[in-house]
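Now for the letters of each chain:
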Amino acid sequence: MARRDIDFLILGSGVAGLTFALKAAQFGTVAIVTKKVDIESNTNYAQGGIASVFGKDDSFELHIQDTLSTGRGLSKREAVEIMVREGPERIMELVDFGAQFTLHEDGKYFDLGMEGGHSRKRIVHARDYTGNEIERILVKTARNNPNITIYENHIAIDLITEHQLKPETKSGNINCYGAYVYDSNADKVNIFAAKITLLATGGTGQVYLHTTNPNIATGDGLAMAYRAGAMLANLEFMQFHPTTLYHPEAESFLISEAVRGAGAILRNKSGEPFMKKYDERGELAPRDIVAHAIDAELKKTGDECVYLDLSPIGASEIPVKFPQIYKKCLEFKLDITKELIPVVPAAHYMCGGLVTDLQGKTLVENLFACGEVAYTGVHGANRLASNSLLEALVFSHRAALHVTKKIEKIPSPPIIIPPWDDSGTFNAEEWVLISHDRLEIRRLMWDYVGIVRSDFRLSRAERRIKMIHQEVENFYRKRSITEELVELRNLATVALLIVRCAMMRKESRGLHYTTDYPEPDDIRHLHDTIIQESISNLPGVMTNIK
Ligand code: FAD
Ligand code: SIN
C-alpha cells in the first residue's frame, strides 16, 4: 500500500473539481482522483449551456427571480444572488482559458439561448456540446499544470477521519485527512493524505433505471460524506428531465431543453400539443411541470412516449444548432429534420446534496464540496435549466479562494493512518448474485420513487432497499475491493437516503410529488429535509478497515 501526501485532494474531474484544482494549484500540490478517464463526468455530456446574465434586456434581478421561483420557495436568496452576480466573470474566465462558445452572427456577443423557466435569453452554449467544450479546456489546462497530478481509474472508497484513526471516538469535531482510494489498474488501495479534501464527485442519476447520467454518477460523494457524519439535505428532489430519446438502445440520450427553447413543440400520439393545458408557459415551463405533464399525459393515454416536433426550428437550422442531437438520432435511423422525436422523462439531476456554506465548507473540518454533490441552497425544490454548470463554476471558485488563504495554517494529516486491510474472502458465485442488486435498486427507485410517489410506494421501496443495503454491507465486509462493489454499496446507501428524505416531506413541492399530500404546505414544510448520522453511530457505519 502506498501513501501519497498532498495539500489538496480533489475527488472528481468534472467542472467543479477541475475549476477548484486550477486555482488551488497556485498554492500547493494537487491530486485529482477520478474513477475513469479524466473527461468522463456529467459535465462532459452537458448540452444546453450555462445560464448567465449577458443580454441587453436582462438583469441580475431577473435571473435571481427566475431561479427563486423555479426553486418553489426553498432556494436560498443569498446563495442564488452570489451565483448569479459572480456568474459572468467565471464564464469569461473559461473563455480566457480557451473555451469556444457559440457567438452571435456579429461574432462579438454570445449567441444566447432560451430554456424553460427563464424570462430572458441567457444560455451561453457551444452549440449542443457545451459540457464537452468546458471539460476539454479545463482538462487541457489542468494537464499542463505542474502542480496538478491526475490519477485516472482511481476510485475513492471512503474519507479518512479520526474514526479510522481512533475508532473509539464518540464525540467532538470530525476532521477529514484525505481518502482511501482504490487503483483499479494496480488492484490496490492507497492512502491519499491531504490537508484539504474536496468532494466533486457529481450526481447520482444511476440510482434510477432510466437516466441521462453516465455510469460514473453513482452518488459516491454523498454516500462517503454520510458515512463520515456530514449533513445531507433535500435528497428527495431528484430532477427528471422531460425529454430523453425513447429508443431501446439510446440509453436515455438527452434531447436538450434548448430544442424547446428554439421552438420545438411537445405533442401526444394523436398529434395534439398538450403543454398549454398544464401551464401557460407551455413547452418553456420549468422542468418539474413539463416532466409531470408528460407523465400525466402518458398515464391518461396509455402511450409509451410523447413526441417533440422540431419543424418550427426549420429543417436547415436543426443540424447547425443541434449537431450532436441530429447525429445521434440519425444513428437510430431517425431524421429529426423530417420526423418527430419520441421522448420520455428520465432522472437527470440531484438538487439536494451535501450541505455546504457559501464557501463550499461542510460540517466536517477540512472537507469541502462543490458541484452537483453539494447543496449550497441555490436550487431548492427544483433547479432552473442550465444553472448547474454555473453553480459549480461559481462555488468551486469561492471554495478555492477561501481555502487557499488559510492552507499554510492547516496542519498536515497524521503520520500514522491505518493501512487498508483487504484480507477478505472472495466467492465469485456470491458476487454474481450481489451484482444483480444494482439493477434491482435502480428498478425499485424508478417504480416507487419516481415522478409520482405515495406513502405506500415509499415504504415498499424502503423495506426492499433496506434489505439490499444490509446484504451489500455484509458482503462488502467480506470481500476485497472492486470498483463495482464500491459503487453498489454507494448506490444502495444513496437510494435509501433518497427514500428517507422523500418520506420526511409530507407535501408536494417542486420535484417531489406525492398523491397522499398533493399540495405544497408552506406553514409546516418550508424547510429542508436533513439527514445526518449521529456521531455515536459512526464507527459502526463507516468502518472500512476490516
Ligand atoms: P461531474 O461532472 O459529474 O464530475 C464528477 C466526477 O467525479 C467525475 O470525474 C467522476 O468520474 C468522479 N467521481 C465520482 N465518484 C468518484 C469516486 N468515488 N472516486 C473518484 N472519482 C469519482 N447542467 C447545466 O447547467 N447545463 C446543461 O446544459 C446541462 N446538461 C446536462 C446534460 C446531461 C446529459 C447531463 C447528465 C447533465 C447535464 N447538466 C447540465 C448537469 C451538469 O452537467 C452537472 O450537474 C455538472 O456537470 C456536474 O459537475 P460536477 O463537476 O459536480 O460533477
Ligand atoms: C439540457 O440541455 O436540456 C440540460 C440543461 C440542464 O440540465 O440544465
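To be clear, the structure that these remarks concern was listed above.
Owing to the predicted nature of the structure, the values given are computational and were not obtained by experimental measurement.

### Considering the packing of aromatic side chains
In step 1: Per the stated rule, a full pass over the model turns up eight aromatic pairs.
In step 2: Relative to Phe192, the ring of Tyr151 lies with its centre 5.0 Å away and its plane at 85°, an arrangement referred to as edge-to-face. With Tyr151 in strand 5 (residues 148-151) and Phe192 in strand 8 (residues 188-199), the pair connects residues that are 41 residues apart, well separated along the chain.
In step 3: By relative accessible area, Tyr151 is classed as buried at 18%.
In step 4: With centroids separated by 5.3 Å and ring planes inclined at 80°, the aromatic side chains of Tyr208 and Phe240 adopt a geometry described as edge-to-face. Within this pair, whereas Tyr208 is found in the loop between strand 8 and helix 6 (220-227), its partner Phe240 is found in strand 10 (residues 238-245), the two being separated by 32 residues in sequence. Comparing Tyr208 with Phe240 shows no difference in burial state: the two are buried.
In step 5: The structure contains a cluster of three or more aromatic residues connected by ring pairs, namely Phe54, Phe101 and Phe110.
In step 6: Across the ring face of Tyr349, the terminal group of Arg383 is positioned such that the distance to the ring centre comes to 4.0 Å.
In step 7: Cation over ring: Arg489 sits above Tyr476, and NZ or CZ is 3.8 Å from the ring centre.

### Things to note about helix 12 (residues 388-406)
In step 1: Counted at 1.5 Å a residue, the expected span for helix 12 with its 19 residues is 27 Å, and the 28 Å between its end C-alpha atoms agrees.
In step 2: Most of helix 12 is tucked away, with 15 of its 19 residues classed as buried.

### Considerations on the nonpolar core
In step 1: If you look at the biggest cluster of nonpolar residues, it comprises 79 residues, and the most contacted ones within it are Leu199 and Met445.
In step 2: When sequence neighbours within four positions are dropped, the list of residues in contact with Met445 reads Val207, Tyr208, Gly450, Ile465, Ala495, Ile498 and Val499.
In step 3: Membership of the second largest hydrophobic core comes to 54 residues, among which are Phe8, Ala24, Leu94 and Cys370.

### Re the site of ligand 1
In step 1: As a structural note, the neighbourhood of ligand 1 is formed by 38 residues, with Thr43, Gly49, Asp220, Glu372 and Ser388 the closest of them.
In step 2: Asn42 is positioned such that a nitrogen or oxygen atom in its backbone is 2.9 Å from an oxygen atom of ligand 1.
In step 3: A distance of 3.3 Å separates a nitrogen atom of ligand 1 from a polar atom in the backbone of Gln47.
In step 4: When isolated, ligand 1 has an accessible area of 990 Å², and the protein chains bury 98% of it.
In step 5: Those elements that place two or more of their residues in the shell around ligand 1 are helix 1 (15-24), strand 6 (154-161), helix 6, strand 13 (341-350) and helix 12.
In step 6: Counting residues per element, the shell around ligand 1 draws most heavily on strand 6, at three residues.
In step 7: Grouping the constituent residues of the shell around ligand 1 by class yields 13 nonpolar, 20 polar and five charged.

### Examining the site of ligand 2
In step 1: Neighbouring residues of ligand 2: Gln47, Gly48, His241, Leu254, Ser256, Glu257, Arg287, His348, Arg383, Ala385 and Ser386.
In step 2: Protein coverage of the free-state accessible area of ligand 2, which is 260 Å², stands at 93%.
In step 3: Taken together, the residues of the shell around ligand 2 sort by class into two nonpolar, six polar and three charged.

### Quick notes on the sheet that holds strand 19 (residues 530-531)
In step 1: Taken in spatial order, the four strands make up an open sheet running 16-14-9-19, and their pairing is mixed. Looking at which strands have only one partner, the edges of the open sheet turn out to be strand 16 (374-375) and strand 19.
In step 2: Across two bridges, the pairing between strand 9 (residues 232-233) and strand 14 (residues 353-355) is antiparallel. Residue Ala233 lies in a different strand from strand 14, and its bridge partner there is Gly353.

### Focus on the pairing of strand 10
In step 1: When you tally the buried positions in strand 10, you get eight out of eight residues, the bulk of the element.
In step 2: Across six bridges, strand 10 lies against strand 13 in antiparallel orientation. Within strand 13, the position partnered with Phe240 by the bridge is Ala347.

### Structural notes on helix 2 (residues 60-70)
In step 1: Those residues of helix 2 lying buried are His63, Ile64, Asp66, Thr67, Leu68 and Thr70.
In step 2: Residues of helix 2 that are buried in the fold lie against strand 3 (50-51), helix 3 (77-97) and helix 12.
In step 3: Where helix 2 ends, the next residue or the one after it, Arg72, has phi of about 55°, a positive value.

### Observations concerning the pattern of salt bridges
In step 1: In total, this model carries 41 salt bridges according to the counting rule given.
In step 2: Close ionic contact of Asp158 with Arg227 constitutes a salt bridge, the shortest N to O distance being 2.9 Å. Of the two residues, Asp158 is situated in strand 6 and Arg227 in helix 6; the sequence distance between them amounts to 69 residues. The same class applies to Asp158 as to Arg227, namely buried.
In step 3: One salt bridge in this structure joins Lys328 and Glu331, with 3.8 Å as the shortest N-O distance. On the criterion of helical spacing, the pair formed by Lys328 and Glu331 is a turn pair, its members being three residues apart in helix 11 (residues 323-331).
In step 4: Judged by relative accessible area, Lys328 falls into the partly exposed class, the value being 26%.

### Here we look at the environment of Val499
In step 1: Counting through the fold element by element, Val499 comes out in helix 15 (residues 483-504).
In step 2: The class for Val499 is buried, based on a relative accessible area of 0%.
In step 3: As for Val499 and Ile39, which are separated by 460 residues in sequence, their C-alpha atoms are 31 Å apart.
In step 4: Leave out the neighbours within four places in its chain, and Val499 touches Met445, Val449, Leu458, Ala461, Glu462 and Ile465.

### Overview of the packing of helix 14 (residues 455-478) against helix 15
In step 1: Closest axis-to-axis distance for the helix 14/helix 15 pair is 9 Å, and the angle between their directions is 150°. In terms of their interaxial angle, helix 14 and helix 15 are classed as roughly antiparallel. Remark: the crossing between helix 14 and helix 15 carries left-handed chirality. Across the interface between the two elements, Leu458, Ser459, Ala461, Glu462, Ile465, Lys466, His469, Val472, Glu473, Phe475, Tyr476 and Arg477 from helix 14 touch Leu485, Leu488, Arg489, Ala492, Thr493, Ala495, Leu496, Val499, Arg500, Ala502 and Met503 from helix 15.
In step 2: A class-by-class count of the residues in the contact of helix 14 with helix 15 yields 14 nonpolar, three polar and six charged.

Criteria and cut-off values
Residues numbered from 1 in each chain as written. Chains lettered and ligands numbered in written order. Predicted model: local features only at pLDDT ≥ 70, side-chain atom pairs only at ≥ 80, totals over all residues. Heavy atoms only, no water. Phe/Tyr/Trp six-rings, centres within 6.5 Å; stacked < 30°, edge-to-face > 60°. Helix = DSSP H or I, 4+ residues; strand = E, 2+ residues; numbered from the N terminus. Buried < 20%, exposed > 50% of the residue type's maximum accessible area, 1.4 Å probe, protein only. Lys NZ or Arg CZ within 6 Å of the ring centre and 35° of its normal. Expected span 1.5 Å × (residues − 1). Core = buried A, V, L, I, M, F, W, Y, C linked by side-chain atoms within 4.5 Å. Contact = heavy atoms within 4.5 Å. Near = heavy atom within 4 Å. Polar contact = N/O pair within 3.5 Å; in protein donor to acceptor, adjacent residues only side chain to side chain. Areas by Shrake-Rupley, 256 points an atom, 1.4 Å probe, with all protein chains shown as cover. Nonpolar A, V, L, I, M, F, W, Y, C, P; charged D, E, K, R; others polar. Pairing = 2+ DSSP bridges. Salt bridge = Lys/Arg side-chain N within 4 Å of Asp/Glu carboxyl O. Axes fitted to C-alpha atoms, helices over the stretch in contact; angles between N-to-C directions. Parallel < 35°, antiparallel > 145°, perpendicular 65-115°, else oblique. Left-handed = near helix turned anticlockwise from the far one by under 90°.

Just geometry here; none of it tells us what the structure is for.
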